[in-house]
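Chain and residue survey
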Amino acid sequence: MAQDEMLSNLMQIRAFCQVVDQGSVSRAADELYRTQSAVTRAIRDLEQALDVPLFERHANGMLLTDFGKCVLPRARRAIAELRLIPSQLAKLHGKAGQTRSETEPLYLFNVRRLQIFISLCKTRHMQTVATLLGLSQPAVSAALKVLENGAGQALLERTPHGMMPSLAGQDIVPNLRRALNELRHIPADIAARRGVLEGTVQVGALPLGRTRLLPQAIIGLTQRYGGVKVITNESAFSALASELRSGEVDFIFGALRSSDYAADMVTETLFTESMVILARKGHPLLSEPVTQEHLRTARWVLPRAETPARRLLDNSFTAMEIPPPDPVVESGDLGIVRGLLLGSDMLAAVSARQLEHELESGELIKLPLDLADTHRAIGLTFRAGSLLSPAAQALVKEIRQVCSSSLTQ
């Protein structure tokens, strides 16, 4: 939680955005129904917390400094995410129209309160959250009560399996996580404005890029910028997509999905690659021509059913008028696939880049048989409209360079 403790005060962020919108403290105070001294204090405290001047004070108003311009995009995004929540909750109850008070959900403008709720959704246990956040259980319970009173409905439900988010709770969690993640990036944005690249990049790592391409990019990034930390997430694409939507993952690197799967995401193709059939050195099939009968009777380790790679393989075998293989093992873990191939006469169909080192060393051999129509686009997946942190932008640049160099080798 050390990083979360650095998150800006949401009420101060709200005041900052209003001063920008209104052009002066007095007009912002009128809009916020607060005194001028309270708004002035909020701006001063935010500047002290961030250790930068956000405004230049002039007789005719408040003008943003370069640091203020740097902070503003994320500040607006964080506030916008929270302001969407009343209408989302109203839709769940079939209500139409919102009053001004409902569009200003002040009960949400508290970072610790949001952290408590998100942690409860993850752990489903009050005492666990209290321990994680260094709070008492009554404090956790009180924070949840404020949120539910503000929302006008239950956000968590007590069940035999713990505290489960209600439909309303499930609906608003992505907004809350996105808001907090926008705040999380503000210190790194300020550091970049000062010429220092720092912060944490969280990248969704799909199987194809894990063995060489992504590690090379991470090495290049971290050698160049000592203040950058990288966290990789190796979950399945469906889980990574959920994390991407909530801002927990900055981007995903690996095989791209069709636009039909994720209309709220944008992709960038870096290269395309076909799948190959691999066997261990000394495999019996390497000493004779490979026939359809060999493929039909082989013992296979293949990607899990219903994955894009598996569907491509099944279609390729069907095109060769061979029934799709019934694998002995289904796995997307390259360590398992490698171990099975090296220790048995199993065959695997994967991208050559996934086991590139073993192919170069001669431990694994590519069978001389093309798998037609197994081309896959490999690249980057982003959440539509997302604003990458400077460190994430730098890692994306490194990945592009590594992929480009790999294609020319």
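Residues numbered from 1 in each chain as written. Predicted model: local features only at pLDDT ≥ 70, side-chain atom pairs only at ≥ 80, totals over all residues. Heavy atoms only, no water.

On to the overall build of the protein chain. Secondary structure summary: the protein chain contains 18 helices and 14 strands in total. Taking the principal axes of its C-alpha atoms as reference, the protein chain extends roughly 85 × 50 × 40 Å. For the protein chain, the proportion of contacts with a sequence separation of at least 24, taken over those separated by at least 6, is 70%. Accessible surface, the protein chain as shown: approximately 19,600 Å² in total, 51% of it carbon and sulfur. Considering the protein chain, the positive charge centre built from 45 side chains and the negative charge centre built from 43 side chains are found 6 Å apart. (Helix = DSSP H or I, 4+ residues; strand = E, 2+ residues; numbered from the N terminus. Contact = heavy atoms within 4.5 Å. Areas by Shrake-Rupley, 256 points an atom, 1.4 Å probe, with all protein chains shown as cover. Lys, Arg positive; Asp, Glu negative; His and termini not counted. Charge placed at Lys NZ, Arg CZ, Asp CG, Glu CD.)

Unoccupied space between atoms shows up once a probe the size of one water molecule is rolled over them. The space that makes up the largest pocket amounts to roughly 700 Å³. Along the wall of the largest pocket there are 32 residues; nearest its centre are Pro207, Arg257, Arg304, Thr307 and Pro308. Taken together, the elements giving at least two residues each to the lining of the largest pocket come down to α11 (207-210), α13 (237-246), β10 (300-302), α15 (308-319), α16 (334-342) and β12 (347-351). When the residues that make up the lining of the largest pocket are grouped by side-chain class, the tally is 17 nonpolar, seven polar and eight charged. The two domains that each donate at least three residues to the lining of the largest pocket are domain 2 (197-270 + 377-407) and domain 3 (274-375). (1 Å grid on protein atoms, 1.4 Å probe; cavity = no way out; pocket = protein on both sides within 12 Å on 5 of 7 lines; lining within 4 Å. Points joined across faces, edges and corners; volume = space filled by probe spheres on them. Nonpolar A, V, L, I, M, F, W, Y, C, P; charged D, E, K, R; others polar. Domains from an automatic or database assignment.)

Here the focus is empty space enclosed by the protein. Taken as a whole, this structure holds two cavities of 30 Å³ or more when the rule is applied. Empty space within the largest cavity amounts to approximately 130 Å³. Around the largest cavity, the lining comprises 14 residues; the ones closest to its centre are Gly247, Asp250, Arg383, Ser386 and Leu387. Considering only residue class, the lining of the largest cavity consists of four nonpolar, five polar and five charged. Considering only enclosed or pocket space, the second largest cavity measures out at about 40 Å³ in volume. Lining the second largest cavity are Phe237, Arg257, Ser258, Ser259, Ala262, Met265, Thr267 and Thr381. Its residues assigned to classes, the lining of the second largest cavity comprises three nonpolar, four polar and one charged.

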